[in-house]
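# Structural overview
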Amino acid sequence: MPGTSTTEVRCQKCGRVFEAEVIDHIDMSQDRDLLKRIKSGKINRVQCPKCKKVHYLDRGVVINFEPENLIVLYDPSASRPEVREELMRDYRSVVMFNEVLEEVAQETEFKIVSDSAELKKMVEQWAKAHS
Ligand SMILES: [Zn+2]
């Protein structure tokens, strides 16, 4: 099961504010059913309960490419270098203060991806290697 949380979304069409369950964290080896969605880059799809408009949310999703030692933060809004740097700093500071994480991080590559085409390629490679 992917890691999820609840967030408030404002409908771009009718303005209705509604709560939606969104995916924060995906573990590739356990969430294979999500491969298609990850490949499309449209991971967080929500629908307005009033007017039925579909939204794709531009939020960051952490994807664990297990069993490979690779963790990817897919964030469509992180295309600017300064945003990436900030995210990278956040990651490092979280890892530094946690012994367990620090150990994991030494063996794990952390990558920030904002381009859905790049993410798609990574997922395809992973799926080929672990089918
Ligand atoms: Zn609506």
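As shown above, the structure is provided for reference.
Treat the numbers as computed from the prediction; the structure is a model and nothing was measured.

Scanning the protein from terminus to terminus reveals 4 helices and 7 strands. The helix and strand sequence of the protein, counted from the amino end, reads β-β-α-β-β-β-β-α-α-β-α. Principal-axis analysis of the C-alpha atoms gives the protein an extent of 45 × 35 × 25 Å.

This part covers the pairing of strand S6 (residues 70-74). Sheet topology note: the strand S5 (residues 61-64)/S6 ladder contains 4 bridges and is antiparallel. Counterpart to valine 62 in the pairing with S6 is leucine 73. Where S5 folds back on S6, the antiparallel hairpin that results is connected by 5 residues. Bridging between S6 and strand S7 (residues 109-113) involves 5 bridges; their strand directions are parallel. Its bridge partner lying in S7, tyrosine 74 is registered against valine 113.

The next point concerns the pairing of strand S1 (residues 3-10). Of all 8 residues in S1, 0 are buried; the element is thus mostly exposed. Looking at chain direction, S1 and strand S2 (residues 17-27) are connected through 8 bridges and run antiparallel. When the bridges of S2 are listed, threonine 7 appears paired with alanine 20.

What follows deals with helix H4 (residues 116-129). With 14 residues, H4 ought to run about 20 Å at 1.5 Å a step, and its terminal C-alpha atoms sit 20 Å apart, in line with that. Regarding H4, the residues found buried are Leu119, Met122, Val123 and Trp126. With its buried residues spanning 100° around the axis, H4 presents them on a single face. Pointing more than 90 degrees away from the buried face of H4 are the exposed residues Ala117, Glu124, Gln125 and Lys128. On the buried face of H4, the contacting elements are helix H1 (35-40), S6 and S7.

Mapped onto the secondary structure, valine 123 falls in helix H4. The exposure class assigned to valine 123 is buried, which follows from the 23 C-beta atoms found within 10 Å. Sequence spacing of valine 123 and phenylalanine 65 is 58 residues, and the spatial spacing of their C-alpha atoms is 8.3 Å. In contact with valine 123, other than residues within four places in its own chain, are Leu35, Ile38 and Lys39.

Thresholds applied
- Along each chain, residue indices are assigned from 1 in the same order as the chain's sequence is written.
- Side-chain atom pairs in this predicted model are given and counted only at pLDDT of 80 or more, local residue features only at pLDDT of at least 70, and totals for whole chains, interfaces and linings cover all residues.
- Counting from the N terminus, the helices are the DSSP runs of H or I reaching at least four residues and the strands are the DSSP runs of E reaching at least two.
- In this scheme, strands are said to pair when DSSP sees at least two bridges between them.
- Every C-beta atom is placed from the backbone, and the number of other C-beta atoms within 10 Å of a residue's own sets its class: buried at 20 or more, exposed at 12 or fewer, partly exposed in between.
- For a helix, the expected span equals 1.5 Å multiplied by the number of residues minus one.
- Of all possible arcs, the one meant is that of the directions from the helix axis to the C-beta atoms.
- Once C-beta atoms have been placed from the backbone, residue pairs whose C-beta atoms lie within 7 Å are recorded as contacts.

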